[in-house]
Amino acid sequence: MREHAVVIAGGGPTGLMLAGELALAGIHVAIVERRLNQEIVGSRAGGLSARTLEVLDQRGIVDRFLAEGQIAQVTGFAVTRLDISDFPTRHNYGLALRQKHIERILAGWVEELPVVIYRGCELTGFMQDASGVTIELSDASEIRAAYLIGCDGGRSLVRKLAGIEFPGWDATTSNILAEAEMEEEPPLGVHRTALGMHAFGREDYEIRDGKVVFASEGPINVMVTETSAVAAGEPTLGDLRRALIAACGTDYGIHGLKWISRFTDMSRQAADYRKGRVFLAGDAAHVHSPVGGQGLNTGVQDAVNLGWKLAQVVKGLSPEALLDTYHAERHPVAARVLRTTMAQVALQRTDDRTEALRDIVLELLGLEEARKALAGEMSGLALRYDLGEGHPLLGRRMPDLDLATPDGSIRVFALLREARPVLLNLAATGSLDIAPWSGCVRLVQASYGGPWELPALGAVSAPSAVLIRPDGYVAWVGEGTQEGLHDAMTIWFGPLG
């Protein structure tokens, strides 16, 4: 039987990112993916948030995405675009880039790493025991792993077979997405009517002065709200025609359907992200309306949170208890995403009372404090894991500072390329003792004379030292002493290293 330390069911963005993280840590990892290649039919996510760009920058691959995407202020809430150009980050913007390109670029990175990919087959069952998980595949073969991660989407078979509940809210709206030919040119862009939202565009576009300018030729991408939220199964061209006529008074002579799909605002979240040796990440753990563009980004950041922790345990450096912090940290994040997406869907309704509410929300978001708070949340830059009381940096992303070291200038994110923890000592050389952990934690002596600023929060006092987890979040802050450092090392990187 083929054996791996970790098997990931699903090779979408979350599964690919997780495989990359584990491979960087030296873990023998495999992906099971039903598609024969990375091609996607249809339209899914359309961009990367500022924090996801930072995560990709931490691994040294962000330029691959920036080379193909279009930088824009794409962070928004409901119908309001939120400018983050004044946020203290190298990536104070979003990146417009369709999911098919995001997946292709991620897959290219993963191909450079020692990751096994079983294509053209899928997980059909599994059994876990005290020492691992036996996984059944659709080609009648079996593989064995110490851990199984379900990155297999909103209808996750891993979640269902694990018996993990998926509570939440049923759909209140349903939308059809499609690409087709039209005899008449529709009004390109996003429109809101009494029946809901609808939009027309084309595959190729440019962002000019913050506005989307579509190509003048080619098939039309369509999104239209249906009159009922109870439709089930795959939609048809007839369903699309009826929805267009209801919303626009015409179907624009639509024909030549290339693909068609349906999405709703159903919002659900796994009750548990872990059951024994089985974990969930991405859409397998949380589904919601695509409004706000947080789905793919939340999944990628699930992967970066889980990857290094799983690697620590597989290597025997940390106890199993470390894996419980994955649910503890990431479940509240997705719970909040569900709430913000439901709020945005509510604000898209077109009755007079919702219009009045939307006007008030727009006024509030015009206030600097409100803009910064919500933009910090939607961009992922203001996220804070609850690691207890202390310095404002504790539990937050480490800023990408330009450091001066004995070997020259270096960016903080460059220190995280190998997905290893870093202890940054900004005080006197030799003032920190981490001898028991020197084999797994990189100690960097450096200085920084500029201001310390955090998105949405503003200026904070300069620390004397910072312990940075492989995911880029701060696990301990020194304020002139070494107090608490060994405790933090033990919690995150194992007793005695």
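A brief look at the structure comes next. Throughout, residues of each chain are indexed from 1 in the direction in which the sequence is written. Restriction of local features to residues with pLDDT of at least 70 applies here, the model being predicted, together with a cutoff of 80 or more for giving and counting side-chain atom pairs; totals for whole chains, interfaces and linings are based on all residues. Values reported for side chains reflect all heavy atoms of the structure, with hydrogen atoms and water molecules removed beforehand.

What about helix α1 (residues 13–24)?
Selection criterion: Runs of H or I in DSSP of at least four residues are treated as helices and runs of E of at least two as strands, each being numbered from the N terminus. Multiplying 1.5 Å by the helix residue count minus one yields the expected span of that helix. Each residue is assigned to one of three classes by its accessible area relative to the maximum for its type, calculated with a 1.4 Å probe on protein chains only: buried under 20%, partly exposed between the two thresholds, exposed over 50%.
In a regular helix each residue adds 1.5 Å, so 12 residues correspond to 16 Å; α1 covers 17 Å between its end C-alpha atoms and thus fits that length. The buried fraction of α1 amounts to 11 of the 12 residues, a majority that puts the element mostly inside the structure. Those residues of α1 that fall on the buried side of the exposure criterion are P13, T14, G15, L16, M17, L18, A19, G20, E21, L22 and A23. Just downstream of α1 lies G26, where phi reads positive at about 85 degrees.

Some thoughts on the sheet that holds strand β30 (residues 465–468)
We count it as follows: Here a strand pair is declared whenever DSSP counts at least two bridges between the two strands. What counts as an axis is a line fitted to C-alpha atoms, over the stretch in contact for a helix, and the angles between N-to-C directions run from 0 to 180 degrees.
Spatial ordering of the open sheet is given by β27-β26-β30-β31, a layout of 4 strands whose pairing is mixed. The open sheet is flanked by β27 (442–445) and β31 (474–478), the only strands paired with a single partner. Recorded for the sheet is a direction-independent mean angle of 15 degrees between the axes of neighbouring strands. The pairing of β30 with β31 spans 4 bridges and is classified as antiparallel. From the neighbouring strand, L467 faces β31, where its bridge partner is W476.

Side note on the pattern of salt bridges
Rules: Whenever Lys or Arg places a side-chain nitrogen within 4 Å of a carboxyl oxygen from Asp or Glu, that contact is recorded as a salt bridge.
One pass over the full model with this rule turns up 33 salt bridges. As a salt-bridge pair, E103 and R35 come within 2.9 Å of each other at their nearest N and O atoms. With a gap of 68 residues between them, E103 in helix α4 (residues 99–111) and R35 in the loop between β2 (29–33) and β3 (47–48) connect regions that are remote in the sequence. Neither E103 nor R35 differs from the other in exposure class; each is buried. The partner of E377 in a salt bridge is R336, and the shortest N-O contact between them spans 2.6 Å. With E377 in helix α10 (residues 368–379) and R336 in helix α8 (residues 324–347), the pair connects residues that are 41 residues apart, well separated along the chain. Given the relative accessible area of 46%, R336 is considered partly exposed. Linked through salt bridges whose partners overlap, the residues forming this network are D57, R90, D400, D402 and R411.

Geometric values such as these leave the question of function open.
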